[in-house]
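Observations on chain architecture
This is what each chain is made of:
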Amino acid sequence: PALTSILNTHDFAHAAQHSIPAKTWAFYSSAATDSHTHAANTAMYARIWFRPRVLRDVSSVSIKARFLGCAAVDMPIYVAPAAMARMVHVEGERAIARACARKGVLQCISTSASFPASQIVPVAPPAHPFFFQLYINSNRAKCAALIREIAAMPQIRGIMITVDAPVVGKREADERIRADETLHAPMSGQQAKNDAKGGGMGRVMGRYIDPSFHWEEIAWVRGLYSGPLMLKGVQTAADARMAVEYGVQGIVVSNHGGRCLDTSPPSILALLDIQRNAPEVFDKMEVYVDGGIRRGTDIVKALCLGATGVGLGRPFLYSLAYGTEGVEHLIDILRDEIETTMRLLGANSLSDLHPGMVNTADVDHL
Ligand code: FNR
């Protein structure tokens, strides 16, 4: 379909499913085992209701945000780190970066990106901010070299260490379809190829991740990087408290888009759990959330519940089937949906949003 007929993230997913290679669709869309968490990530947002206020002057609305106190962004969303964007478009993460730079959106670059960060960051003007997502390589010398390389790029304003994937989840759709070309992830040094077990691109590409990495080793990363650090994949109030204790500047409440532990909680429920059982952490660090976010209403609900910003993964990969233009169109759609939601809710800026603006009664017993 023509880009102009794409009205929402679902249209992008539908268009991608019917136009991109079957292996690419399987790798991008798949989730762990029975995909319960993947489905619930989105579905749970529909069980939270707004408490809209009326008769407030909503003629002007600002959705500008600031991430980690250092990165000014035009919208409270970011591109969640995702591997191998080149499978859908030859310019991959570079094409996403161009769209983000034009629209003032922050992109988090994955360790498993199909280009090195040094070839992604320069496509944006020097003031445009990025984050970097780090997988801890079992080869610590390689890992240290990568962290030093990232630390030397001033456009990268923070690192998120992914902590929910000490091993890669079992994604059967990805396993079933074999790859017919070998792809490379330059920063991890991994290659996607079939093995005796099947075609699982996620599994093969994630083999270098060190399952022994633990809390005490955050200091090792800190020794190599003085900028803001976040932990991506925190899912409980107990771990959110530990993140504060271990001195990181932020967490991303995430279950990896349902791709790791199936039946781990939908991420908005995990955010709510932290809001209820560890409310103090929101004053001590920034809290982000990703997973299943498909609408402006989803985004605003997460912000009401304390998120500084939200990440979207698959929607950006699907929009990339249309190149940079597709990614820009997706950002325009989301901006419009967020602004409309804010106006209808009676909010003029992000600082107006608070937990009292949502009714969570339907999920409070979960
Ligand atoms: C991911 N995700 C991910 N996360 C990460 O920390 N490092 C990575 O390399 C990847 N790679 C990756 C590839 C693909 C194809 C997907 C779909 C996801 C997880 C990602 O950052 C994010 O947590 C989820 O994508 C959010 O869920 P939604 O928005 O895709 O539902």
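The sections below set out a description of the structure shown in this document.

What counts, and at which threshold
- Residues numbered from 1 in each chain as written.
- Predicted model: local features only at pLDDT ≥ 70, side-chain atom pairs only at ≥ 80, totals over all residues.
- Heavy atoms only, no water.
- Phe/Tyr/Trp six-rings, centres within 6.5 Å; stacked < 30°, edge-to-face > 60°.
- Helix = DSSP H or I, 4+ residues; strand = E, 2+ residues; numbered from the N terminus.
- Buried < 20%, exposed > 50% of the residue type's maximum accessible area, 1.4 Å probe, protein only.
- Lys NZ or Arg CZ within 6 Å of the ring centre and 35° of its normal.
- Near = heavy atom within 4 Å.
- Polar contact = N/O pair within 3.5 Å; in protein donor to acceptor, adjacent residues only side chain to side chain.
- Areas by Shrake-Rupley, 256 points an atom, 1.4 Å probe, with all protein chains shown as cover.
- Pairing = 2+ DSSP bridges.
- Axes fitted to C-alpha atoms, helices over the stretch in contact; angles between N-to-C directions.

Another point: the packing of aromatic side chains. Scanning the model with the defined rule gives nine aromatic pairs in all. Seen from their ring centres, F12 and Y322 are 5.9 Å apart, and the 75° between their planes marks the pair as edge-to-face. Within this pair, whereas F12 is found in helix 1 (residues 9-19), its partner Y322 is found in the loop between helix 14 (314-319) and helix 15 (323-345), the two being separated by 310 residues in sequence. Here the aromatic rings of F67 and Y78 are separated by 6.3 Å at their centres, their planes lie at 85°, and the arrangement is edge-to-face. A residue pair is termed long-range when its members are at least 10 positions apart, and F67 in strand 2 (residues 65-67) and Y78 in strand 4 (residues 77-79) qualify at eleven residues. Since its relative accessible area comes to 0%, Y78 is described here as buried. Within the aromatic cluster, the residues linked to one another by ring pairs are F67, Y78, F131 and Y288. One residue, R94, lies across the ring of F115, its end atom 5.7 Å from the ring centre. Against the face of F50 rests K301, its NZ or CZ located 5.3 Å from the ring centre.

Moving on, we come to the site of the ligand. Lining the immediate environment of the ligand, one finds 23 residues, of which P81, S110, T162, D290 and R294 sit closest. Measuring from an oxygen atom of the ligand, one finds a side-chain N or O atom of T162 at 2.7 Å. Within the side chain of D290, one N or O atom sits 2.8 Å away from an oxygen atom of the ligand. Coverage of the ligand by the protein amounts to 98% of the 600 Å² it exposes when considered alone. Listed by contribution, the elements that provide at least two residues to the shell around the ligand are helix 2 (22-29) and helix 14.

On to the sheet that holds strand 5 (residues 106-109), then. A barrel is described by the order of its strands in space; here eight strands give the closed sequence 4-5-6-7-10-11-12-13, paired in parallel fashion. Taking the axes of each pair of neighbouring strands and ignoring which way they run, one obtains an average angle of 30° across the sheet.

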